[in-house]
Amino acid sequence: MYEQMTLIRRFEERCERLYMEGKIKGFLHLYIGEEAVAVGTLSAAREDDYVITHYRDHGHALAKGLTPKVVMAELLGKAAGTSGGKGGSMHLFDVEKRFMGGHAIVGGHLPIAVGLALAIKYRAGDDVVVCFFGDGAVNQGEFHESMNLASLWSLPVLFLLENNLYGMGTHVDRTHSGGRDIFQAADHYKIQAAQVDGMDVVAVHEAASEAIKRVRMGNGPVFLEAMTYRFRGHSVADPTAYRNSTEVDAWRTKDPIDKFKTFLLAKQLVEEEELDHLDSKTEEIVNEAVKFAECS
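Scope of this entry: the structure provided in the associated data block. (Residues numbered from 1 in each chain as written. Predicted model: local features only at pLDDT ≥ 70, side-chain atom pairs only at ≥ 80, totals over all residues. Heavy atoms only, no water.)

Considering all chains together, one arrives at 8 aromatic pairs under this definition. Considering the side-chain rings of Phe133 and Phe159, the 6.5 Å spacing of their centres and the 80 degrees angle between planes classify their relative orientation as edge-to-face. Here Phe133 is found in strand β3 (residues 129-134), whereas its partner Phe159 is found in strand β4 (residues 157-163), with 26 residues between them in sequence. For the pair Tyr166 and Tyr242, a centre-to-centre distance of 5.4 Å together with 45 degrees between the ring planes defines the contact as tilted. Separated by 76 residues along the polypeptide, Tyr166 in strand β5 (residues 166-167) and Tyr242 in the loop between β8 (222-227) and α8 (245-252) bring together distant segments of the chain. Here the aromatic residues Phe133, Phe143, Phe159 and Phe223 are joined through ring pairs into a cluster of three or more. Between Arg243 and the ring centre of Tyr166, over which it is positioned, the NZ or CZ distance is 5.7 Å. Taking NZ or CZ as reference, Lys254 lies 4.3 Å from the ring centre of Trp251, over its face. (Phe/Tyr/Trp six-rings, centres within 6.5 Å; stacked < 30°, edge-to-face > 60°. Helix = DSSP H or I, 4+ residues; strand = E, 2+ residues; numbered from the N terminus. Lys NZ or Arg CZ within 6 Å of the ring centre and 35° of its normal.)

Next up, the structure:
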């Protein structure tokens, strides 16, 4: 989990640089700060479980096992990319990995998650759909339609809300009556729900493991709200004038990678030299991915 979170962080830091150099075009929404949600959740899932997500999708794709080289090639608009270079940052896709795409339309992928779950139930399978979405999607009609149908049909889907407190530049307290407790909205649909610290990869893993186990047993959908924070703006082009540095600095003290590193060392589960080796390893993987993409 440490290696995966570090890989996502280094990968996106390099993406930010490539965007500034003009090598990545269009929009680029970074996942920096939220790595524990993707890694904690998908480390609890099986390889044959489906994942579908929103446009901030790099972290989910890498955590699902997509090859960094082809993901980077996609970001650079190359034919070797996951979507032939035609989807870009927001539309990563790998059907063999059962990664059913990043989707640019806010909330538009939620009905697709329900459709995938319905197909699983129709075939009497025991795989699960993990559907990531942001707090902005909660205000869309697709969210309510999807929650309602998933509940009525008792479908195998885990709704994973990544509440990073901002819908673009607007704080969640101004956009949703649930504010920082949106998970309570699931009560209306009789869906079991809980909230978890999205900056703690262990807490996310434990909550996701329990949720996925319940879903896989045929008990219907589960809703998890992970409280997290993006350290960068809505996109790389966002100057983030709507939030002050004090808030950002306070959240940086909860950095999920630093937090997990401290946990591992305190529990004596790993030597610091091993973590340093993993840091070097992920840096090399990213370097190779960039070289592959630029030469494609």
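The structure having been displayed, the exposition proceeds.
For the rest of this paragraph, the subject is the packing of helix α9 (residues 256-266) against helix α10 (residues 272-295). Remark: α9 packs on α10, axes separated minimally by 10 Å, with the N-to-C direction vectors making an angle of 145 degrees. For the pair α9 and α10, contact is made by Lys261, Leu264 and Leu265 and by Glu272, Leu275 and Asp276, respectively. Here the residues of the contact of α9 with α10 are counted per class, giving 3 nonpolar, no polar and 3 charged. (Axes fitted to C-alpha atoms, helices over the stretch in contact; angles between N-to-C directions. Contact = heavy atoms within 4.5 Å. Nonpolar A, V, L, I, M, F, W, Y, C, P; charged D, E, K, R; others polar.)

What follows covers the pattern of salt bridges. Here the structure, examined in full by the defined rule, presents 14 salt bridges. The salt bridge involving Glu35 is made with Arg9; its shortest N-O contact spans 2.6 Å. Residue Glu35 is located in helix α2 (residues 35-42), and its partner Arg9 is located in helix α1 (residues 2-20); the two are separated by 26 residues in the primary sequence. Glu16 is paired through a salt bridge with Arg232; the nearest N and O atoms lie 3.1 Å apart. Within this pair, whereas Glu16 is found in helix α1, its partner Arg232 is found in the loop between β8 and α8, the two being separated by 216 residues in sequence. Residue Arg232 is classed as partly exposed on the basis of its relative accessible area, which comes to 24%. Several salt bridges converge on common partners, so that one network encompasses Arg9, Glu35 and Asp255. (Salt bridge = Lys/Arg side-chain N within 4 Å of Asp/Glu carboxyl O. Buried < 20%, exposed > 50% of the residue type's maximum accessible area, 1.4 Å probe, protein only.)

Right, let's talk about the side chain of Asp49 for a bit. Tracing the backbone through its elements, the reader meets Asp49 in the loop between α2 and β1 (50-53). Not counting residues within four places of it along the chain, the set of residues in contact with Asp49 comprises Lys64, Lys97, Arg98, Asp127, Val128 and Arg216.

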